[in-house]
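Report on the structure
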Amino acid sequence: MNPVFVAIDTTDVHRAAAIARGIRGLAGGVKLGLEFFCANGEEGVLHICEGELPLFLDLKFHDIPNTVGKAVASIAHLSPAVLTVHAAGGREMMAAAKAAAPKRTKVVAVTVLTSLDQQDLSDTGVSGSAEEQVKRLAALAREAGIDGIVCSGEEVAAARAEWPDGYFVVPGVRPAEADAGDQKRVVTPQEAVSDGASILVIGRPITESPDPARALQEIAATLPQPTRKSA
Ligand code: C5P
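Not measured: the values here are computed from a predicted model. (Residues numbered from 1 in each chain as written. Predicted model: local features only at pLDDT ≥ 70, side-chain atom pairs only at ≥ 80, totals over all residues. Heavy atoms only, no water.)

This brings us to the overall build of the protein chain. Check the secondary structure of the protein chain and you find 10 helices and eight strands. On C-alpha atoms alone, the protein chain measures out to a radius of gyration of 17 Å, which is about the 17 Å that the 2.2 N^0.38 rule sets for 231 residues. Projected onto its principal axes, the C-alpha coordinates of the protein chain cover approximately 45 × 35 × 35 Å. For the protein chain, restricting intrachain contacts to residue pairs at least 6 apart in sequence, the fraction spanning at least 24 positions comes to 66%. A total of about 11,200 Å² of accessible surface is found on the protein chain, and carbon and sulfur atoms cover 51% of it. In the protein chain, 22 positive and 29 negative side-chain charges are present, and the distance between their average locations comes to 6 Å. (Helix = DSSP H or I, 4+ residues; strand = E, 2+ residues; numbered from the N terminus. Rg over C-alpha atoms; globule rule 2.2 N^0.38 Å. Contact = heavy atoms within 4.5 Å. Areas by Shrake-Rupley, 256 points an atom, 1.4 Å probe, with all protein chains shown as cover. Lys, Arg positive; Asp, Glu negative; His and termini not counted. Charge placed at Lys NZ, Arg CZ, Asp CG, Glu CD.)

What follows is the structure in structure tokens.
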């Protein structure tokens, strides 16, 4: 399977559908997030995936265990290949998400949002470094029995070494020649997969290309074969 999930970050269901049509059969799947889901709901999701394109539903659940379990149960019929929760919601919350998810769904945790810097973390009462917090929350996710974490391409080799059968979702990767945009720390798709990424999340280099299918195929052609841990 192609490990690239294409991040379609828009509220415009027609634009999203056009992108999805162009990459159907080529991408590992699509990632739809909060902005799309809030604007278009499950009808929008079904319209984009049409039961064919694997779905990464990136809603980053974070609430009490009972509520998160029920929220996951409410989207279970969409059969997402991957869904996200916040590790900061705690062990019991992550376990509740996993218990409510379909058997084949990978439940992965977001550790520390990359939009938070050291000062932001300390403002929320986290006294250690961001790195320490990522490590602590990754270990907690594993203990909770979920499948893996979202991590950067720079962190994935260490994460894989610590958690050999973990499922690692790596966003923020960029083909060698692409514009990094607002992503600050980038690795190439090839490096991320070689370092142990299970799937890659790539948005704008594909969705803003005049030919998304071709951009995706060019990225896929650079990946090591066979890909690791992508099932
Ligand atoms: O367009 P781009 O490839 O930067 O999109 C990356 C996708 O991955 C976006 O949907 C973004 O929200 C998500 N993401 C990220 N960095 C993280 C976590 C998620 O870019 N640390």
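What follows continues from the structure just given.
On to the pattern of salt bridges. Scanning the entire structure with this criterion turns up seven salt bridges. Note that D147 is salt-bridged to K98, the shortest N-O span being 2.7 Å. Placement of D147 in the loop between α6 (130-144) and β6 (148-150) and of K98 in helix α4 (residues 91-100) is noted, with a sequence separation of 49 residues between them. Residue class for K98 comes out partly exposed when judged on its relative accessible area of 22%. Of the charged contacts, one joins E218 and R214 as a salt bridge, the two residues approaching to 3.2 Å between their closest N and O atoms. Taken together, the residues span about one helical turn, with E218 and R214 both in helix α10 (residues 212-221) at a distance of four residues. The class of E218 is partly exposed, set by a relative accessible area of 42%. Judged by its relative accessible area of 52%, R214 falls in the exposed class. (Salt bridge = Lys/Arg side-chain N within 4 Å of Asp/Glu carboxyl O. Buried < 20%, exposed > 50% of the residue type's maximum accessible area, 1.4 Å probe, protein only.)

This part covers the packing of aromatic side chains. Under the defined criterion, the tally for this structure stands at two aromatic pairs. Geometrically, the ring pair formed by F5 and F56 is edge-to-face, given 6.3 Å between the ring centres and 75° between the ring planes. A residue pair is termed long-range when its members are at least 10 positions apart, and F5 in strand β1 (residues 4-7) and F56 in strand β3 (residues 55-61) qualify at 51 residues. On the basis of relative accessible area, F5 is assigned to the buried category, the value being 1%. Of the residues examined, F56 reaches a relative accessible area of 2% and is grouped as buried. Residues W163 and F168 carry aromatic rings whose centres are separated by 5.9 Å and whose planes lie at 90° to one another, so their mutual orientation is edge-to-face. Between the NZ or CZ atom of K31 and the centre of the ring of F56, over which it lies, the distance is 5.9 Å. (Phe/Tyr/Trp six-rings, centres within 6.5 Å; stacked < 30°, edge-to-face > 60°. Lys NZ or Arg CZ within 6 Å of the ring centre and 35° of its normal.)

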